[in-house]
Amino acid sequence: MARFTITTAIDYTNGVIHIGHAYQKIVADVLARFHKQIDDEVYFLTGTDEHGITNTQAAAKEGLEPRQFVDKISALDKKEIESMDIRPDRFIRTTDEDHKKVVAEFYMKSFNNGDIYKGSYEGLYCAGCESYKTLSELIDGACPLHPTRTIEKISEENYFFRWSKYRDFLRDLIENNPLFVQPEQRRKDMIGFLDSGLEDIAISRPKQKLSWGIPVPNDESHVIYVWFDALINYVTGLGSMWPASLHLVGKDITRWHTLLWPAMLKSAGYEMPKAVYSHGFMNLNGQKISKSLGNVISPSELANRYGSDATRYYFFRYGPWVEDVDVSLEKIDAVYQSDLANGIGNLSSRLTTMAEKEGLAGLKDVSVSDEYKQFMGELKIVEAVELIWSKIKECDRTINETKLWEKTGEEKEQTLNKLLNILLVIAKETQPIMPNASLKIIEALTGEKIVKIAPLFPRI
Ligand code: MSP
């Protein structure tokens with residue numbers, strides 16, 4: 001039995017997640033369900049990143065203590081992902097007690113390996129990124145990712161991680177394992193970063209400046225820097241199932257996952273994750289999705305409008321797997337109509353209506369196709385969906401060309417049976433993507449007699 005352990009980035013709790021965050025969790029959930037379907041041992045980890053300055057500032061704005069605030073947001077995030085039928089094996093919180101323990105142990109391993117030392121830092125900090133910045137990374141003095149935030153000038157004593165020591169190690173890792181950073185373009189970007197040099201990085205903040213964090217185990221006057229803490233969630237969460245088969249992340253945080261994280265793991269003596277896939281960004285109506293722009297749509301709003309299956313389908317098929325994409329309700333409406341209501345929904349009603357009329361017996365179980373397995377296994381998710389939808393079109397074409405509804409007797413039964421079996425394969429192959437609709441099709445086809453199915457994607 002193969003093992004497939006998948007993680008997503010853990011979301012900051014400075015506000016409730018939007019569909020951009022949910023996109024990644026949907027893809028991870030689909031991949032986890034696919035691997036369960038092919039009988040792999042699966043563990044799917046997601047959660048919330050709760051320490052650090054952004055979370056503290058957001059709590060202060062509401063007049064709450066950080067802990068009260070992150071409890072509230074984390075619970076709301078969990079509801080949001082549940083509305084999309086995302087079912088992680090663990091929803092980890094960086095405030096979980098076991099995580100704090102693992103972070104302290106990890107830190108000490110790296111410290112004892114001589115990779116953590118005390119130094120002083122003077123420079124610029126973007127609270128939105130929770131990271132130090134160089135002047136060359138700013139545009140007109142502002143962070144390109146968080147243009148509305150003020151860049152802080154910081155001067156303080158910190159503990160540093162000897163990141164620079166791992167430059168050759170990282171180069172070998174990334175160059176010799178083409179699948180370690182995917183897609184290829186991002187791998188090239190990471191090699192470019194390595195070529196431009198790697199400086200040691202501050203991994204603690206003085207407690208008097210920021211108390212909301214995990215204490216440095218051998219110096220309680222410091223707390224551990226939020227990225228160092230957050231990345232370790234993967235080791236806490238997977239426990240004895242570490243290493244991760246796949247870290248799924250957005251392109252903005254590829255560097256942390258492919259350059260800092262492997263160096264930290266090497267330093268503390270852990271195995272490397274097998275792969276990091278970094279997807280593009282989703283924009284809404286041509287704009288970056290952002291609370292300050294006020295153009296946020298929550299996953300649960302889409303679940304209410306389209307249902308979780310249709311929303312999952314839309315994001316999985318048309319989301320920013322490689323390149324950035326723009327979404328809008330008009331686009332989702334159109335796809336709902338073309339691919340779902342008129343596509344798989346219509347085909348299922350047509351075939352099961354005819355089968356019920358003919359009194360056809362239920363079908364035996366079928367397997368998913370090898371082609372589908374290969375595409376999904378290789379993260380060629382668009383190709384996988386296109387393969388399934390080409391079968392739907394093929395079935396529609398056969399029904400129309402043979403005018404199946406006009407046929408009778410043996411001829412009708414044979415063609416119908418062939419098409420129903422293809423529909424069953426389609427239902428199985430769409431199961432990870434739209435678990436509820438697929439189950440309805442499977443149940444309608446595999447009972448004692450085939451029964452007519454109610455519209456799966458009614459008009460909205
Ligand atoms: N807390 C860090 C991650 C730590 S992982 C050890 C973080 N949090 S975040 O809340 O800012 O983002 C979480 C994930 O959502 C990131 O992978 C980010 O790329 C992704 N996305 C946030 N907005 C997005 C879109 N508009 N589109 C696609 N993904 C987006 O970074």
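Residues numbered from 1 in each chain as written. Predicted model: local features only at pLDDT ≥ 70, side-chain atom pairs only at ≥ 80, totals over all residues. Heavy atoms only, no water.

For the chain, the helix and strand inventory stands at 16 helices and 17 strands. Against the 2.2 N^0.38 benchmark of 23 Å for 460 residues, the chain shows a C-alpha radius of gyration of 25 Å, consistent with a compact globule. By principal-axis analysis of the C-alpha atoms, the chain measures approximately 85 × 45 × 40 Å. For the chain, with 460 residues in total, the buried portion stands at 56%. Considering only residue pairs separated by 6 or more positions, the chain has 78% of its internal contacts joining residues 24 or more positions apart. Element-wise, carbon and sulfur atoms account for 50% of the exposed surface of the chain, whose accessible area totals about 19,800 Å². Considering the chain, the positive charge centre built from 56 side chains and the negative charge centre built from 66 side chains are found 1 Å apart. (Helix = DSSP H or I, 4+ residues; strand = E, 2+ residues; numbered from the N terminus. Rg over C-alpha atoms; globule rule 2.2 N^0.38 Å. Buried < 20%, exposed > 50% of the residue type's maximum accessible area, 1.4 Å probe, protein only. Contact = heavy atoms within 4.5 Å. Areas by Shrake-Rupley, 256 points an atom, 1.4 Å probe, with all protein chains shown as cover. Lys, Arg positive; Asp, Glu negative; His and termini not counted. Charge placed at Lys NZ, Arg CZ, Asp CG, Glu CD.)

This brings us to the site of the ligand. In the vicinity of the ligand, 23 residues are found, and the nearest of them are I10, Q24, D49, D252 and M282. The contact in question runs from a nitrogen atom of the ligand to an N or O atom on the backbone of G20, over 3.3 Å. In isolation the ligand has 660 Å² of accessible area, and contact with the protein removes 93% of it. Taken together, the elements giving at least two residues each to the shell around the ligand come down to β2 (11-12), α1 (19-37), α7 (226-231), α8 (233-238) and β13 (246-250). In terms of residue class, the shell around the ligand is built from 11 nonpolar, 9 polar and 3 charged. (Near = heavy atom within 4 Å. Polar contact = N/O pair within 3.5 Å; in protein donor to acceptor, adjacent residues only side chain to side chain. Nonpolar A, V, L, I, M, F, W, Y, C, P; charged D, E, K, R; others polar.)

Right, let's get into the sheet that holds strand β10 (residues 204-206). The 3 strands lie next to each other as β10-β12-β11, forming an open sheet whose pairing is antiparallel. Either end of the sheet is taken by a strand with one partner, and the two such strands are β10 and β11 (215-216). Relative to strand β12 (residues 219-224), β11 is paired through 2 bridges, and the arrangement is antiparallel. Each residue of the ladder has a partner; that of P215, found in β12, is V223. (Pairing = 2+ DSSP bridges.)

With an omega of -10 degrees, the peptide bond between Q182 and P183 qualifies as cis. Here P183 shows up in the loop between β8 (181-182) and α6 (184-195). That bond from W242 to P243 is cis: its omega, 10 degrees, falls within 30 degrees of zero. With respect to the element layout, P243 can be found in the loop between α8 and β13. Unusually for a residue other than glycine, D140 sits at a positive phi of about 50 degrees. Backbone geometry places L379, a non-glycine residue, at a positive phi of 65 degrees.

The subject of this paragraph is the sheet that holds strand β6 (residues 131-133). Taken in spatial order, the 4 strands of this open sheet run β6-β5-β7-β9, and their pairing is antiparallel. The open sheet is flanked by β6 and β9 (201-202), the only strands paired with a single partner. Here strand β5 (residues 116-126) runs beside β6; their pairing, made up of 3 bridges, is antiparallel. Counted as the bridge partner of L124 is K133 from β6. Strands β6, β7 (152-161) and β9 of the sheet are contacted by helix α9 (residues 254-268), whose axis makes an angle of about 35 degrees with β7. (Axes fitted to C-alpha atoms, helices over the stretch in contact; angles between N-to-C directions.)

Most of β13 is tucked away: 5 of the 5 residues are buried. Across the two faces of β13 the burial is the same, with L246, L248 and G250 and H247 and V249 all buried. As paired elements, strand β1 (residues 3-8) and β13 share 3 bridges and run parallel to each other. Bridging across to β13, T7 finds its partner in H247. Of the strand pairs in this sheet, β13 and strand β14 (residues 276-279) are connected by 4 bridges, and their pairing is parallel. Bridge pairing in β14 links V249 to S278. Regarding topology, α9 serves as the crossover connection from β13 to the parallel β14, and that connection is right-handed. (Right-handed = clockwise from strand over helix to strand, strands pointing away.)

Tallied over the full model, the rule gives 24 aromatic pairs. Arranged with centres 6.1 Å apart and planes meeting at 90 degrees, the rings of F106 and F228 form a pair that is edge-to-face. In this pair, F106 sits in helix α4 (residues 97-112) while F228 sits in helix α7, placing the two residues 122 residues apart along the sequence. F228 gets classed as buried once you look at its relative accessible area, which sits at 0%. Aromatic side chains Y313 and Y318 sit 6.3 Å apart centroid to centroid with 80 degrees between the ring planes, which places their arrangement in the edge-to-face category. According to the relative accessible area criterion, Y313 is buried, its value standing at 2%. Members of the aromatic cluster, each reached through a chain of ring pairs, are F106, Y107, F111, F161, Y166, F169, F228, Y234, W242, W261 and Y270. Directly above the aromatic system of Y125 lies the positively charged group of R205, at a separation of 5.0 Å from the ring centroid. The ring of Y318 has R317 sitting right over it, with the charged end atom 4.4 Å from the ring centre. (Phe/Tyr/Trp six-rings, centres within 6.5 Å; stacked < 30°, edge-to-face > 60°. Lys NZ or Arg CZ within 6 Å of the ring centre and 35° of its normal.)

Let us look at the environment of I38. Within the secondary structure, I38 is located in the loop between α1 and β3 (41-49). Sequence separation between I38 and P458 is 420 residues; the distance between their C-alpha atoms is 31 Å.

By the element assignment, P144 lies in the loop between β6 and β7. By relative accessible area, P144 is classed as partly exposed at 45%. If near-sequence neighbours (up to four positions away) are discounted, P144 is found in contact with E137, L138 and I139.

Here H35 is to be found in helix α1. A distance of 2.6 Å separates the side chain of H35 from the side chain of D40, its partner in a polar contact. The residues touching H35, leaving out its near neighbours within four places in the chain, are F4, D40 and V42.

By themselves, these figures tell us nothing about what the structure is for.
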